[in-house]
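Next come the chains, spelled out residue by residue.
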There are 2 protein chains.
Amino acid sequence: MRITSLVECSTRIMVRLASLQPGATLSAEKLSDLENVSRDYVDQILQRLRKGGLVASTRGAQGGYSLAKASSAISIGELVRAVEGQVFEEVCERYSSGEHECRHMSNCGIRPVWLRLGEMIEGFLDKVTLDQLTVPEPRAFAATMAFIKDFEKEGRIQHDKRR
Amino acid sequence: MRITSLVECSTRIMVRLASLQPGATLSAEKLSDLENVSRDYVDQILQRLRKGGLVASTRGAQGGYSLAKASSAISIGELVRAVEGQVFEEVCERYSSGEHECRHMSNCGIRPVWLRLGEMIEGFLDKVTLDQLTVPEPRAFAATMAFIKDFEKEGRIQHDKRR
DNA sequence: TCATACTTGATCGAATTAGTCAGGTATGCT
DNA sequence: AGCATACCTGACTAATTCGATCAAGTATGA
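Quick caveat, the model's predicted, so the values are computed rather than measured.

Side note on the packing of helix α1 (residues 5-18) of chain B against helix α2 (residues 28-35) of chain B
For any two helices packed against each other, one specifies the inter-axial angle together with the distance between the axes.
Residues and elements named next belong to chain B.
Line of reasoning, step 1. Interhelical geometry of α1 versus α2 gives an angle of 115° and a closest axis separation of 11 Å. Taken together, the axes of α1 and α2 are roughly perpendicular relative to one another. The interaxial crossing formed by α1 with α2 has right-handed handedness. Across the interface between the two elements, R12, I13, R16 and L17 of α1 pack against L31, L34 and E35 of α2.
Line of reasoning, step 2. Here the residues of the contact of α1 with α2 are counted per class, giving four nonpolar, no polar and three charged.

Re the pairing of strand β1 (residues 55-58) of chain A
Line of reasoning, step 1. Direction of pairing for β1(A) relative to strand β2 (residues 64-67) of chain A: antiparallel, over a ladder of four bridges. Within β2(A), the residue paired with A:S57 across the bridge is A:Y65.

Points about the protein's contact with DNA strand D
Line of reasoning, step 1. Around DNA strand D lies a shell of 28 residues, among which A:S5, A:S38, A:Y41, A:Q44 and B:Q47 are the nearest.
Line of reasoning, step 2. In DNA strand D, the atoms that sit within 4 Å of the protein are 80% sugar and phosphate, with bases accounting for the remainder.
Line of reasoning, step 3. Between DNA strand D and the protein, one listed contact pairs a phosphate oxygen with a side-chain N or O atom of A:S38 at 2.3 Å.
Line of reasoning, step 4. Measuring from a phosphate oxygen of DNA strand D, one finds a backbone N or O atom of B:A28 at 3.3 Å.
Line of reasoning, step 5. Counting residues per element, the ones that place at least two in the surface near DNA strand D are α1 (5-18) and α3 (39-51) of chain A together with α3 (39-51), β1 (55-58) and β2 (64-67) of chain B.
Line of reasoning, step 6. Among the elements that make up the surface near DNA strand D, the one with the highest residue count is α3(B) (five residues).
Line of reasoning, step 7. Looking at the surface near DNA strand D, its residues break down into seven nonpolar, 12 polar and nine charged.

Observations regarding the environment of B:I13
Line of reasoning, step 1. Note that B:I13 resides in helix α1.
Line of reasoning, step 2. Not counting residues within four places of it along the chain, the set of residues in contact with B:I13 comprises B:L31, B:V42, B:I45 and B:L46.

Some thoughts on the side chain of A:D131
Line of reasoning, step 1. Among the structural elements, A:D131 can be located in helix α7 (residues 131-134).
Line of reasoning, step 2. One polar contact links A:D131 to A:T129, side chain to side chain, over a distance of 2.5 Å.

Some details on the environment of B:S66
Residue and element names in this part refer to chain B.
Line of reasoning, step 1. Residue position: S66 is located in strand β2.
Line of reasoning, step 2. Given a relative accessible area of 17%, S66 falls into the buried group.
Line of reasoning, step 3. Ignoring anything within four residues of it in the chain, the contact list for S66 reads L17, A24, T25, V55 and A56.

Quick word on the protein's contact with DNA strand C
Line of reasoning, step 1. Near DNA strand C there are 28 residues, and of these A:Q47, B:S5, B:S38, B:Q44 and B:R59 occur at the shortest range.
Line of reasoning, step 2. Close to the protein, within 4 Å, the atoms of DNA strand C belong to sugar or phosphate groups at a rate of 79%.
Line of reasoning, step 3. Within the side chain of A:Y65, a nitrogen or oxygen atom sits 3.1 Å from a phosphate oxygen of DNA strand C.
Line of reasoning, step 4. Within the contact set of DNA strand C, a sugar or linking oxygen lies 2.9 Å away from a side-chain nitrogen or oxygen of B:R59.
Line of reasoning, step 5. Counting residues per element, the ones that place at least two in the surface near DNA strand C are α3, β1 and β2 of chain A together with α1 and α3 of chain B.
Line of reasoning, step 6. It is α3(A) that contributes the most residues to the surface near DNA strand C, five residues altogether.

Observations concerning a positive patch on the surface
Residue and element names in this part refer to chain A.
Line of reasoning, step 1. Judged by side-chain charge, R48, R50, K51 and R59 come together as a positively charged surface patch.
Line of reasoning, step 2. By secondary structure assignment, the location of R50 is in helix α3.
Line of reasoning, step 3. A residue is classified by how much of its surface remains accessible, and R50, at 36% relative accessible area, is partly exposed.

Focus: α2(B)
Residues and elements named next belong to chain B.
Line of reasoning, step 1. Within the sequence span of α2, burial applies to A28, L31, S32 and E35. Taken end-on, α2 shows its buried residues confined to a sector of 105°, consistent with a single buried face.
Line of reasoning, step 2. On its buried side, α2 packs onto α1, α3 and β2.
Line of reasoning, step 3. Immediately beyond the C-terminal end of α2, within one or two residues, lies N36, with a positive phi of roughly 55°.

Quick notes on the rules
Residues numbered from 1 in each chain as written. Chains lettered and ligands numbered in written order. Predicted model: local features only at pLDDT ≥ 70, side-chain atom pairs only at ≥ 80, totals over all residues. Heavy atoms only, no water. Axes fitted to C-alpha atoms, helices over the stretch in contact; angles between N-to-C directions. Helix = DSSP H or I, 4+ residues; strand = E, 2+ residues; numbered from the N terminus. Parallel < 35°, antiparallel > 145°, perpendicular 65-115°, else oblique. Left-handed = near helix turned anticlockwise from the far one by under 90°. Contact = heavy atoms within 4.5 Å. Nonpolar A, V, L, I, M, F, W, Y, C, P; charged D, E, K, R; others polar. Pairing = 2+ DSSP bridges. Near = heavy atom within 4 Å. Polar contact = N/O pair within 3.5 Å; in protein donor to acceptor, adjacent residues only side chain to side chain. Buried < 20%, exposed > 50% of the residue type's maximum accessible area, 1.4 Å probe, protein only. Patch = residues over 30% accessible without salt bridge, like charges linked within 9 Å, V, L, I, M, F, W, Y side chains within 5 Å. Areas by Shrake-Rupley, 256 points an atom, 1.4 Å probe, with all protein chains shown as cover. Salt bridge = Lys/Arg side-chain N within 4 Å of Asp/Glu carboxyl O. Lys, Arg positive; Asp, Glu negative; His and termini not counted. Charge placed at Lys NZ, Arg CZ, Asp CG, Glu CD. Arc of directions from axis to C-beta.

Structure follows, in structure tokens:
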């Protein structure tokens, strides 16, 4: 299980947009340079984000992209759904289609685990909003910590300080 | 993000073994028939489970496989690590190797989210044990619900629930 | 009207997944 | 001992998904 390159790139692009002053925009070209992602790929990502209603675009010369709503109103879960279609694919959906019957029979003890796992992952990502990723202070993740409080008792999140 | 076929098959095989009477074994052939998974694939899975210390094997005619320890002592997290090597791959590990530098710079707000997500997924799967999957659905569901409840409220799990 | 910037969809190599295949080795039963 | 049963090992491969790239547009503002 992992975060794909697509989600990672999309997140970085969204964080860039979230750091803009109100009214400002960033062109796809600029985003490509800033994040070191090819122009074509940036275009594709922005397109999906726009269709998902997460970014707004201004066309023409001096045009560009900006967030479609407040960064506090955009969750990573939404972002993932916008670029990948879904956050977590259910096992039973995947392995039983058409002529095949779901291998999880009645009285199945396995299915609830995958369901619950999916709900948990989605619940987590839906509660992490973009504004939490743009601030350098440890105040980020307050909502996240509330969601999974006591999971780790030693304290708050340390932001990355490497290199 | 999804559960792979490998993990799904492995889980079903382990649940079969968990439902055996103490001392009993199931041959790879039998498991293959019961779960409708090819004999070769079952062999491969059982081999990985054995190397991970989750199943024990008895060789020779009338031999077979059984759990290496109590089903209450085997978690799905362990199972996943045994068959796939890891539960959740870190983004920074994947996208920054050798000559490439991690794109998550200092004061990165993104990395902690992926780290936390990974910890959560692993924490969840490490606490779901095989014995919780061998019972009819309502009880298994109750067990996973209990996990979430404990997870949110106390950060720890009750393993010795009365029947 | 033209440069800039966004839009769309097809394509494609690389990596991963999902399983197969071939050829062993160990054990228990007769 | 002989041999059938069953486990063990690792290489191999087809299918799918990932991670982009590419080509050919359309819309807008100066």
